[in-house]
Amino acid sequence: MTLFDSPDFADHEGVHACFDETSGLRTIIAVHSTARGPAAGGCRMWPYASAEAALTDALRLSQGMSFKNAMADLPLGGGKAVIIGDARTDKTPALFEAFGRVVDSLGGKYWTAEDVGVSPADMAIVRKQTRYVAGLEGHAAASGDPSPVTAEGVFRGVKLCVERAYDRDLTGVTVAIQGVGHVGAYLADKLHAAGARLIITDVNEAALAEVAARTGAQIVAPDAIFDVEAEVFAPCALGGAINFETLARLKARVIAGAANNQLATPQIGALLFEQGRLYAPDYVINGGGIINVAAEIIGIESGSGFDDAWVAAKLDRLTETLGEVLDRSLAEKRPTHAVADEMAKARIAEAVRLKTAA
Ligand code: NAD
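### Looking at the overall build of the chain
Here comes step 1: Across its full length, the chain holds twelve helices and twelve strands.
Here comes step 2: Its C-alpha radius of gyration of 20 Å places the chain within 12% of the 21 Å reference for a compact globule of 358 residues.
Here comes step 3: Principal-axis analysis of the C-alpha atoms places the extent of the chain at approximately 60 × 50 × 45 Å.
Here comes step 4: Looking at the chain as a whole, 53% of its 358 residues are labelled buried.
Here comes step 5: In the chain, the share of contacts with a sequence separation of at least 24, taken over all contacts with a separation of at least 6, comes to 65%.
Here comes step 6: With an accessible surface of roughly 15,400 Å², the chain has 55% of that area assigned to carbon and sulfur atoms.

As structure tokens, then:
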């Protein structure tokens, strides 16, 4: 199979595979779409078993960013970079300088940021070679930690789903949160303030104790979170939380949380729908973080500062979009994840049409 026939190719505008002899950098930058604006998406460093595995990851993540940015109604397309290597042993300044030069050679078509295996310190090195870097501190448009904005978007999404599924507000509703890290802890605070009852789990006991002390949450062991009596399950840890095994155990009718790639397979999304559960598509409900990053990119591009009012308006719009996904799923009797994918594709196609017509 050639690259163009691969299902993951998904009409990517560009796939840039680059090697730097001096540093040993091997990177793939996948640019899925620039129809809505420059392609934005983080850079991941991972010891991929093969170049094919790295390519597949870059292509899937890049298309995912196009969809996420479109559903957050941002003037951004989707892209992603992967660096093949072990983040614990293979990092050198020369490697990230070389990566910065590759990003710069794309002339602003792709904006990079941190992702798994890449730290702010690494991105500071990249920044020396290119201005197309988001997520760094120390400038007027710096966006800082995206987690509070992500949590606010997820909180509003949970509230909306509870209204739709149970016809009630959050008072007295039980929410099971898997993972009380950056986003999960903020989410717990917001839900607690809204009168929800919390059951939480994490592998980090200190984080659990802190959140429980503030919110009165009940703590359960990591595997027990799938068996608790709750109206809402909020995955805020790693991907793949909803699979055939966990779904058979979950009591919650609403699944709404911050984690990326919550469904182990698309079939799980169909099953959730058949079972009458309400699933908030992950890349829609967790779009607050990318809204925050987008404000930084726009601020850098325009030379202005960080615009809080713009972020607030985009968050409002994000909640409306989630409502639209839920409405269409109900009206068209189709799973929410399928509706969201279709809406994202339509938004990108519309941008292509407008660009072509201009
Ligand atoms: P984080 O690393 O701060 O928090 C994740 C938490 O999950 C940690 O406390 C960790 O100990 C816990 N955890 C790991 N494995 C677990 C397990 N098996 N059971 C229970 N808990 C477990 O990450 P975060 O920034 O809070 O992000 C959470 C999720 O949301 C991730 O999937 C991330 O990709 C996604 N997300 C985050 C943002 C953001 O703004 N930070 C934006 C969009 C999506």
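### Here's the deal with the pairing of strand β10 (residues 232-235)
Here comes step 1: Judged by which residues are buried, β10 turns out to be covered on both faces: V232 and A234 on one side and F233 and P235 on the other are all buried.
Here comes step 2: As judged from the two bridges shared by β10 and strand β11 (residues 254-255), these two strands associate in the parallel manner. Among the inter-strand pairings, F233 is bridged to a residue of β11, identified as I255.
Here comes step 3: Assessed by its sense of winding, the connection that carries the chain from β10 through helix α7 (residues 244-249) to β11 is right-handed.

### Quick look at the environment of M343
Here comes step 1: Structurally, the position occupied by M343 is in helix α12 (residues 336-357).
Here comes step 2: Residue class for M343 comes out buried when judged on its relative accessible area of 5%.
Here comes step 3: Expressed as a C-alpha distance, the spacing of M343 and T56, which sit 287 residues apart in the sequence, is 23 Å.
Here comes step 4: Residues within four places of M343 in sequence aside, it is in contact with M71, T321, E324, V325 and R328.

### Notes on α12
Here comes step 1: Over its 22 residues, α12 extends 31 Å from the first C-alpha to the last, a length consistent with the 32 Å expected when each residue adds 1.5 Å.
Here comes step 2: Of the residues making up α12, those classed as buried are T336, H337, V339, A340, M343, A344, R347, I348 and A351. All buried residues of α12 fall inside an arc of 165 degrees around its axis, so they share one side. Away from the buried face of α12 by more than 90 degrees, exposed residues T356 and A357 are located.
Here comes step 3: Next to the buried residues of α12 lie β2 (26-33), α1 (51-71), α8 (266-274), β12 (278-279), α9 (282-285) and α11 (308-332).

### With respect to the site of the ligand
Here comes step 1: Around the ligand, the structure places 18 residues, and the nearest of them are T150, H182, V183, D202 and A237.
Here comes step 2: For the ligand, an oxygen atom lies 2.6 Å from a polar atom in the side chain of T150.
Here comes step 3: Between the ligand and the protein, one listed contact pairs an oxygen atom with a backbone N or O atom of G181 at 3.5 Å.
Here comes step 4: Expressed as a share of its isolated accessible area of 830 Å², the protein-covered part of the ligand is 72%.
Here comes step 5: Looking at the shell around the ligand, the elements that each hand over two or more residues are α4 (147-166) and α5 (182-193).
Here comes step 6: Of the residues in the shell around the ligand, the class split is nine nonpolar, eight polar and one charged.

### Quick look at the sheet that holds strand β7 (residues 174-178)
Here comes step 1: Judged by pairing direction, the sheet is parallel, and its six strands sit side by side in the order β9-β8-β7-β10-β11-β12 without closing on themselves. The open sheet has two edge strands with one neighbour each: β9 (218-219) and β12.
Here comes step 2: One ladder, built from two bridges, connects β11 with β12; its direction is parallel. Note that in β12 the partner of I255 across the bridge is Y279.

### Focus on the packing of aromatic side chains
Here comes step 1: Applying the stated criterion across every chain yields a total of four aromatic pairs.
Here comes step 2: Aromatic side chains F67 and Y283 sit 6.2 Å apart centroid to centroid with 50 degrees between the ring planes, which places their arrangement in the tilted category. Taken together, the residues F67 in helix α1 and Y283 in helix α9 connect sequence positions 216 residues apart.
Here comes step 3: For F67, a relative accessible area of 8% translates into the label buried.
Here comes step 4: Y283 sits in the buried class, given a relative accessible area of 13%.
Here comes step 5: Between F226 and F233, the aromatic rings sit 5.7 Å apart at their centres with planes inclined by 50 degrees, giving tilted as the arrangement. Of the two residues, F226 and F233, neither departs from the other in class, the shared state being buried.

### So, the environment of G41
Here comes step 1: Assignment of secondary structure puts G41 in the loop between β3 (39-40) and β4 (43-46).
Here comes step 2: Between the alpha carbons of G41 and E152 there is a distance of 21 Å; along the sequence they are 111 residues apart.
Here comes step 3: When residues no more than four places from it in sequence are discounted, the contact partners of G41 are M65, G79, K80, Y110, W111, T112 and A113.

### Regarding the state of the cysteines
Here comes step 1: Within the structure shown, the criterion is met by zero disulfides.
Here comes step 2: Not part of a disulfide, C161 finds its nearest cysteine sulfur in C236, a span of 13 Å.
Here comes step 3: Judged by relative accessible area, C161 falls into the buried class, the value being 0%.

Rules of the game
- Residues numbered from 1 in each chain as written.
- Predicted model: local features only at pLDDT ≥ 70, side-chain atom pairs only at ≥ 80, totals over all residues.
- Heavy atoms only, no water.
- Helix = DSSP H or I, 4+ residues; strand = E, 2+ residues; numbered from the N terminus.
- Rg over C-alpha atoms; globule rule 2.2 N^0.38 Å.
- Buried < 20%, exposed > 50% of the residue type's maximum accessible area, 1.4 Å probe, protein only.
- Contact = heavy atoms within 4.5 Å.
- Areas by Shrake-Rupley, 256 points an atom, 1.4 Å probe, with all protein chains shown as cover.
- Pairing = 2+ DSSP bridges.
- Right-handed = clockwise from strand over helix to strand, strands pointing away.
- Expected span 1.5 Å × (residues − 1).
- Arc of directions from axis to C-beta.
- Near = heavy atom within 4 Å.
- Polar contact = N/O pair within 3.5 Å; in protein donor to acceptor, adjacent residues only side chain to side chain.
- Nonpolar A, V, L, I, M, F, W, Y, C, P; charged D, E, K, R; others polar.
- Phe/Tyr/Trp six-rings, centres within 6.5 Å; stacked < 30°, edge-to-face > 60°.
- Disulfide = S-S within 2.5 Å.

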